[in-house]
Each structure stands twice: as structure tokens, then as C-alpha cells.
Amino acid sequence: MASTKDVIDNHLKCFGEGDLQGILSDYAPGAVLFTADGPLRGADAIRPLFQAMLAEFGKPGAAFRMQHQSVAGDYAYILWNAETADNVYEVATDTFVVRDGKIVAQSFACKISPRN
């Protein structure tokens, strides 16, 4: 079974490669992703968020910078920032709960400023 670090490393790798199926395969059935717009439950609800993010980050000139990453048992935390053709992600965080090699819960928060 994959460790928490293995799952998060795969999640980040798949995001960087634009691999939507790889991203979604990291989630357990019934996983919940907490966002500012409310919780998303299960892969079908999570899919549109990642489709939009992959479309945005897939445009030329996107840059992603990991500021901090830590893992403690079943829990992981990342702090990052990024720039895309459309937006500046001044600060963004994700917190994950991983059980049995799958993400069962995640929170995502960020401060985004549109590029002008």
C-alpha cells in the first residue's frame, strides 16, 4: 500500500503532467474536498475543479512553486504559489488525509488575483 508521501507525490506529479485520471485515482470513493465554495464529495464532484485547474495551468507560461511540504502519518500539508496566463496564486494551501493509500479528505484554500 502506498504511503501518505507516495500518494501526495503521485498527486503532484499527475497535476504537473495534466493527468486528470491519475489525479482522480488518488481519491477514495466518497472522498471529500473542502473548498471555499463548499465540499465536493466523490470523484464525479471533484472532476470539474481539476478540469478547470488543468486547463488553466496547461496554458503557456504557467509556473508552480512549492514553498513547503510536510507529512505526518496519515496527514500531509503543502504550501505553494503559482502564476498562470490568467491568475496569480499569491498563496495556496492543501491539507490531505490519506488512509489505505487513498486521499479520503482534502482542504484547499488560496488567494487568487486575476492578471490584468
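Data block above holds the structure.
The rules behind these values
- Residues numbered from 1 in each chain as written.
- Predicted model: local features only at pLDDT ≥ 70, side-chain atom pairs only at ≥ 80, totals over all residues.
- Heavy atoms only, no water.
- Helix = DSSP H or I, 4+ residues; strand = E, 2+ residues; numbered from the N terminus.
- Rg over C-alpha atoms; globule rule 2.2 N^0.38 Å.
- Buried < 20%, exposed > 50% of the residue type's maximum accessible area, 1.4 Å probe, protein only.
- Contact = heavy atoms within 4.5 Å.
- Areas by Shrake-Rupley, 256 points an atom, 1.4 Å probe, with all protein chains shown as cover.
- Lys, Arg positive; Asp, Glu negative; His and termini not counted.
- Charge placed at Lys NZ, Arg CZ, Asp CG, Glu CD.
- Pairing = 2+ DSSP bridges.
- Axes fitted to C-alpha atoms, helices over the stretch in contact; angles between N-to-C directions.
- Phe/Tyr/Trp six-rings, centres within 6.5 Å; stacked < 30°, edge-to-face > 60°.

K.L.:
Sorry if this is basic, but what is going on with the overall build of the chain here?
P.N.:
Across its full length, the chain holds three helices and six strands. The linear arrangement of helices and strands in the chain, starting from the amino end, is α-α-β-β-α-β-β-β-β. Taking 116 residues into account, the globule formula puts the C-alpha radius of gyration at 13 Å, and the chain, at 14 Å, falls close to it. When the 116 residues of the chain are sorted by exposure, 37% land in the buried category. The long-range share in the chain, meaning contacts at least 24 apart out of those at least 6 apart in sequence, stands at 45%. Approximately 6,300 Å² of the chain is accessible, and the part contributed by carbon and sulfur atoms is 55%. Treating the 10 positive side-chain charges of the chain as one cloud and the 14 negative ones as another, the clouds have centres 2 Å apart.

K.L.:
What's the story with the sheet that holds strand β5 (residues 87-99) in this structure? I'm lost.
P.N.:
Working definition: the strands of a sheet are paired by backbone hydrogen bonds and lie parallel or antiparallel to each other. One open sheet accounts for six strands, arranged β2-β1-β6-β5-β4-β3; its pairing is mixed. Each of the sheet's edge strands pairs with one partner strand only, and the pair in question is β2 (38-41) and β3 (63-72). Averaged over all adjacent pairs, the angle separating strand axes in this sheet is 15°, with direction ignored. The pairing of strand β1 (residues 27-35) with strand β6 (residues 102-114) spans four bridges and is classified as parallel. Bridging across to β6, tyrosine 27 finds its partner in isoleucine 103. The strands that helix α1 (residues 4-17) touches are β1, β3, β4 (75-83), β5 and β6; relative to β3, the one it contacts most, it runs at about 170°. Across the sheet, helix α3 (residues 43-57) is in contact with β1, β2, β4, β5 and β6; its angle to β1 comes to roughly 60°.

K.L.:
In this structure, what is going on with the packing of aromatic side chains? I would like to understand it.
P.N.:
Two numbers describe a pair of aromatic rings. These are the distance of the centres and the angle of the planes. Scanning the model with the defined rule gives seven aromatic pairs in all. Ring centres 6.3 Å apart and planes at 15° place the aromatic pair tryptophan 80 and phenylalanine 108 in the stacked group. Of the two residues, tryptophan 80 sits in strand β4 while phenylalanine 108 sits in strand β6, which places them 28 residues apart along the sequence. The burial state of tryptophan 80 is the same as that of phenylalanine 108; both residues are buried. The structure contains a cluster of three or more aromatic residues connected by ring pairs, namely Phe15, Phe57, Phe64, Trp80, Tyr89 and Phe108.

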